[in-house]
Amino acid sequence: MNIENEIGNVQLMQKINRLKVLNFIRQKGEVARPEIAKNTGLSPSSITNIVSYLLEKKLVMEVGRVDSKEVGRKATLIRFNPSAATIISVNIETSKVDAALTDLEGNILHKKEIAVGHAIKSFEILNILKKEINSLINEAEARNLPHIAGIGIAVSGLVLDDKKLVISSSLKWREFSLKEYFEDLLHIPVYLQNNSRTKALAVLKKKQGEFEKNIVFLDLTMGIGIINFYDQKINEAVIGEFGHTSVKKDGPLCFCGNRGCIEVMCSVETILNQCSELLDQGKCKILKNILEDEGLPLSYETIIKAFDEGDGDVRDVLKECGEYLGVGIANIINIFNPQRIIINGDILLTCGFIFETAVKEAGSRAYEQFTKDLKYEKVNIDSEQAIRGVSLFVAEKLFDLAGPEW
Ligand SMILES: [Zn+2]
């Protein structure tokens, strides 16, 4: 082995051990040196050295003293310092972009919500992102915040991080290297992730320790994504492009190139299109009256109103959407056998009928042994939680072996 290799190995070992200690402290909240030594398997003298290094870098701080069993006297408590650096987090939703400055634990320091309308389905979104990220960089400077260590962008679609590509039905992007684009422009590390995954991270953080072993998180906000939590962690082996699994052989064409994808068969857009067609055929009488009486354009809200007032044709449309969702959920149950399904959805889930239909349909299709103790939970992840999820994802990358030197 040559000398360069040996130096390289020593530096790598140092980084591995520092991250082991730092990530243990991040996970524990407050912890004393003897407990860190016990849990990381490193010697007390190594812990002393590493903690001194982390203190010097301001990545941890001393926060008080506690009786320690391990040393038989008081030991100093160490805590992760979330203010060691700043993160820019961006979450792209159906008709808006949320962009924020946060600390390393996802606490929001400054947040903006930008309505983007039609631009969400085009490359115009890039100019909006560029403008907002630059304005956050200026804001961070004006507030004298710690350096920006990373930018996280959460998008709907398939994110292949190793190839840095985004393929997105909602954004109508076939293949685009968003990471490279912004890193070339800003010279700050950019981390991309699918926004069902970042929302899942926010859920996981919020519910820490309260979870069953095997859970499926179903995100119905932009398309349909699934995440599997196994042993309180995101199961990285599951890619989650559930929205593009087929549920109807000759169904309508999807942006992905396939036909009859579940997210084409059950979505707000499909419900709107189907009701619009029925109105043209002279059906959906109650809906028609509501639109005419109130002078309103066709919207999901008016459709739900017509359903509440007893429109049978509207009911059939919503029922079909719920049934397709139920077919999908039955498939999920038979593949994962989860103990709990957490469903996030702001719009589709406002209609209790769709959800109830889906659960009933899933129950009639999946193995009874799998459904009898299965729990369903509805959540509505708000924009602050979604931003927090993006920051948590960036922090994971920053404190990963492949991340920057601290
Ligand atoms: Zn598709």
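Residues numbered from 1 in each chain as written. Predicted model: local features only at pLDDT ≥ 70, side-chain atom pairs only at ≥ 80, totals over all residues.

Undergrad: Hey, could you run me through the sheet that holds strand 4 (residues 86-92) in this one?
TA: Strands sit in the order 6-5-4-7-11 across an open sheet of five strands; the sheet is mixed. Either end of the sheet is taken by a strand with one partner, and the two such strands are strand 6 (108-115) and strand 11 (190-194). Within the sheet, the average angular offset between the axes of one strand and its neighbour, ignoring direction, is 15°. Direction of pairing for strand 7 (residues 148-155) relative to strand 11: parallel, over a ladder of five bridges. By the bridge assignment for strand 11, Val 155 is matched with Asn 194. Each of strand 4, strand 5 (96-102), strand 6 and strand 7 is contacted by helix 4 (residues 124-142), which is oriented at about 20° to strand 5, the strand it contacts most. In the packing of helix 6 (residues 195-206) onto the sheet, the strands contacted are strand 4, strand 7 and strand 11, and the crossing angle to strand 11 comes to about 90°. (Pairing = 2+ DSSP bridges. Helix = DSSP H or I, 4+ residues; strand = E, 2+ residues; numbered from the N terminus. Axes fitted to C-alpha atoms, helices over the stretch in contact; angles between N-to-C directions. Contact = placed C-beta atoms within 7 Å.)

Undergrad: Mind showing me how you'd approach the packing of helix 11 (residues 312-336) against helix 12 (residues 352-365) here?
TA: The description of two packed helices rests on the angle between their axes and on the distance between the axes. Where helix 11 meets helix 12, the closest approach of the two axes is 7 Å, and the angle between their N-to-C directions is 45°. If you check the angle between helix 11 and helix 12, you find them oblique. In this structure, helix 11 meets helix 12 at a crossing whose hand is right-handed. Across from Leu 318, Lys 319, Cys 321, Gly 322, Glu 323, Leu 325, Gly 326, Val 327, Ile 329, Ala 330 and Ile 333 in helix 11, the residues of helix 12 making contact are Phe 353, Ile 354, Thr 357, Ala 358, Val 359, Lys 360, Glu 361, Ala 362 and Arg 365. Broken down by class, the residue content of the contact of helix 11 with helix 12 amounts to 12 nonpolar, three polar and five charged. (Parallel < 35°, antiparallel > 145°, perpendicular 65-115°, else oblique. Left-handed = near helix turned anticlockwise from the far one by under 90°. Nonpolar A, V, L, I, M, F, W, Y, C, P; charged D, E, K, R; others polar.)

Undergrad: Could you clarify how one ought to interpret the environment of Tyr 324 in this entry?
TA: With respect to the element layout, Tyr 324 can be found in helix 11. By C-beta crowding, Tyr 324 is classed as buried, having 25 other C-beta atoms within 10 Å. Considering only alpha carbons, one finds Tyr 324 and Met 222, 102 residues apart in sequence, at a separation of 17 Å. Here Tyr 324 is in contact with Val 247, Ile 262, Met 265 and Cys 266, once residues within four sequence places are set aside. (Buried ≥ 20, exposed ≤ 12 C-beta atoms within 10 Å, placed from the backbone.)

Undergrad: Sorry, what's going on with the sheet that holds strand 1 (residues 30-32) here?
TA: Each strand in a sheet pairs with another by means of backbone hydrogen bonds, the pair being arranged parallel or else antiparallel. With antiparallel pairing, the three strands of this open sheet are ordered in space as 1-3-2. In the strand order of this sheet, the two ends are held by strand 1 and strand 2 (60-67), each with one partner. Strand-to-strand twist of the sheet, defined as the mean angle between neighbouring strand axes without regard to direction, takes the value 35°. When strand 1 meets strand 3 (residues 74-80), the two strands line up antiparallel, connected through three bridges. Along strand 3, the bridge assignment pairs Glu 30 with Arg 79. With respect to the sheet, helix 2 (residues 33-40) is in contact with strand 1 and strand 3, its orientation differing from that of strand 1 by roughly 85°.

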